[in-house]
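Summary of the model geometry
Here's the letter readout for the chains.
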Amino acid sequence: MSKDLWNAIDEKYLDLIVKPDPRFEQIQQNCVEAGLPTISISNIHGRLFELLVKVMGAKYILEIGTLGGFSTAWFATGLPFGGKLISLELDPERATLARQNLNLFEFKAKVEIWVGDAIHNMTEMAKIDQPPFDLIFIDGKKSQYPDYLELAVKLSHTGTLIIADNVVKHGWVMNDEITTESQIGITKFHEMVAADPKLEATVFQTVGEKGHDGFSFILVS
Ligand code: DHB
Ligand code: MG
């Protein structure tokens, strides 16, 4: 198994069945031109998220970590009339670019990008009795995943799906020594999931154009 084969398979099914709207390519190009790291989800996974939103009938989505708005656009594509997505981004320049990117789509009115510290904003949301979200995508700083999880659960209802990105990155979860802040954060995140009887979860490994990585899928009861 090689990365070339994974890429080729992603491309094959991207062309055959996903057939993404060309505006997704435009977002990626705008992000590259703005010098953003190419760490967005793939189109293959974007379609999975769009389908999950549709299958769940999710109307209210929270995203932690907007970057250039690429995953934001895939989630928003799945939203019904009256649906809403709030995406949290620390960096104002990234938020501005993401807004420009999302303006390419008809669903732009359904998306709000909040600039600032996600933990602060989620804490405020929890205080003001913000209605709970149906789906929460965690893709911010890996060292802060435990804090995001705690707040995400507070902002959930029975049946909320929490998805966390990059939980397998390079397979380092199997290293004997977990030393970086990201590794520590993601390890603690899963220990918290394991310890909370309200959370039912799995980890889904992925290969493809993003290399070897994975998502956690966590159902709140
Ligand atoms: C990386 C990938 C991501 O999706 C992310 O959210 C952060 C970092 C990476 O490959 O380094
Ligand atoms: Mg990510």
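Figured I'd write up the structure that's included with this text. (Residues numbered from 1 in each chain as written. Chains lettered and ligands numbered in written order. Predicted model: local features only at pLDDT ≥ 70, side-chain atom pairs only at ≥ 80, totals over all residues. Heavy atoms only, no water.)

1. As for the overall build of the chain
As a reminder, the rule being used: Numbered from the N terminus, helices here are DSSP runs of H or I no shorter than four residues, and strands are runs of E no shorter than two. Atoms counted for the radius of gyration: C-alpha only. Globule rule: 2.2 Å times residue count to the power 0.38. Here, residues are in contact when the closest pair of their heavy atoms is within 4.5 Å. Surface accessibility follows the Shrake-Rupley procedure with a 1.4 Å probe radius. Residue values consider only the protein chains on display as shielding. In this tally, Lys and Arg are treated as positive and Asp and Glu as negative; His is ignored, and so are the chain termini. Note on charges: their place is set at NZ of Lys, CZ of Arg, CG of Asp or CD of Glu.
In terms of regular secondary structure, the chain is built from eight helices and seven strands. Computed over its C-alpha atoms, the radius of gyration of the chain comes to 17 Å, within 12% of the 17 Å expected for a compact globule of 221 residues. Dimensions along the principal axes, computed over C-alpha positions, put the chain at roughly 45 × 40 × 35 Å. Counting contacts in the chain only where the partners sit at least 6 residues apart, residues at least 24 apart contribute 72% of the total. Counting only carbon and sulfur atoms, one obtains 56% of the accessible surface of the chain, whose full area is about 11100 Å². Side-chain charges of the chain comprise 20 positive and 30 negative groups, with the mean position of each set lying 6 Å from the other.

2. Here we look at the coordination of the magnesium ion (ligand 2)
For clarity, the threshold we go by: Donor atoms (N, O, S) are those found within 2.8 Å of the metal centre, with the cutoff raised to 3.2 Å for Na, K and Ca; water is not part of the atom list, so apparent gaps in a site can occur. Relative accessibility under 20% of the residue-type maximum defines a buried residue, over 50% an exposed one, and the middle range a partly exposed one, all with a 1.4 Å probe and only protein chains included.
Binding of the magnesium ion (ligand 2) to the protein goes through D139 (OD), D165 (OD) and N166 (OD1), at separations of 2.0 to 2.1 Å. As a motif over one chain, the donors of the magnesium ion (ligand 2) read D-x25-D-N. You'll find D165 and N166 in the same group, each marked buried.

3. A word on the site of ligand 1
To be explicit about the condition: When at least one non-hydrogen atom of a residue lies within 4 Å of a molecule or strand, that residue is treated as near it. Basically, the charged four are Asp, Glu, Lys and Arg, the nonpolar ten are Ala, Val, Leu, Ile, Met, Phe, Trp, Tyr, Cys and Pro, and anything else, Gly included, counts as polar.
Taken together, I39, D139, K142, D165, N166 and K169 make up the full set of residues near ligand 1. Here ligand 1, which alone exposes 280 Å², has 67% of that area covered by the protein. Here the shell around ligand 1 is built from residues that sort into one nonpolar, one polar and four charged.

4. A closer look at the sheet that holds strand β7 (residues 213-220)
Counted only if it meets this: Pairing between two strands is assigned when DSSP locates at least 2 bridges connecting them. Fitted lines through C-alpha atoms serve as axes, helices being fitted only where they are in contact, and the angles separating the N-to-C directions of these axes extend from 0 to 180 degrees.
Pairing is mixed across the open sheet formed by seven strands, whose spatial order is β3-β2-β1-β4-β5-β7-β6. For this open sheet the edge positions go to β3 (111-115) and β6 (199-206), each flanked by a neighbour on one side alone. Strand-to-strand, the axes of this sheet are offset by a mean angle of 15°, without reference to chain direction. Pairing geometry for strand β4 (residues 133-138) and strand β5 (residues 156-164), over five bridges, is parallel. By the bridge assignment, F133 is partnered in β5 with S156. The sheet contacts of helix α6 (residues 118-127) involve β1 (60-64), β2 (84-89), β3 and β4, and relative to β2 the element is tilted by about 140°. Lying over the sheet, helix α8 (residues 181-195) contacts β4, β5, β6 and β7, oriented at roughly 30° with respect to β7.

5. Here's the deal with the packing of aromatic side chains
Just so we agree on the cut-off: Classification of ring pairs rests on two measures: the distance between centres of Phe, Tyr or Trp rings, Trp counted by its six-membered ring, which must be within 6.5 Å, and the angle between planes, read as stacked under 30 degrees, edge-to-face over 60 and tilted in between.
Per the counting criterion, the structure on display carries 13 aromatic pairs. Summarising the aromatic geometry, the rings of Y60 and F133 are spaced 4.5 Å apart at their centres and angled 25° between planes, so their arrangement reads as stacked. Of this pair, Y60 sits in strand β1 while F133 is found in strand β4, placing the two residues 73 residues apart along the sequence. Take Y60: its relative accessible area is 13%, and that puts it in the buried class. Consider the rings of F105 and F107, whose centres lie 4.7 Å apart with planes at 15°: the pair is stacked. Each of the two residues, F105 as well as F107, counts as buried. One aromatic cluster is present, formed by F49, F75, F137, F204, F215 and F217 through successive ring pairs.

6. Some remarks on unusual backbone geometry
Of note in this structure, K19 is not a glycine but carries a positive phi near 40°. Turning to its location among the elements, K19 is positioned in the loop between α1 (3-18) and α2 (22-33). The backbone phi angle of L67 is positive, close to 55°, even though this residue is not glycine. Note on placement: L67 falls in the loop between β1 and α4 (70-78).

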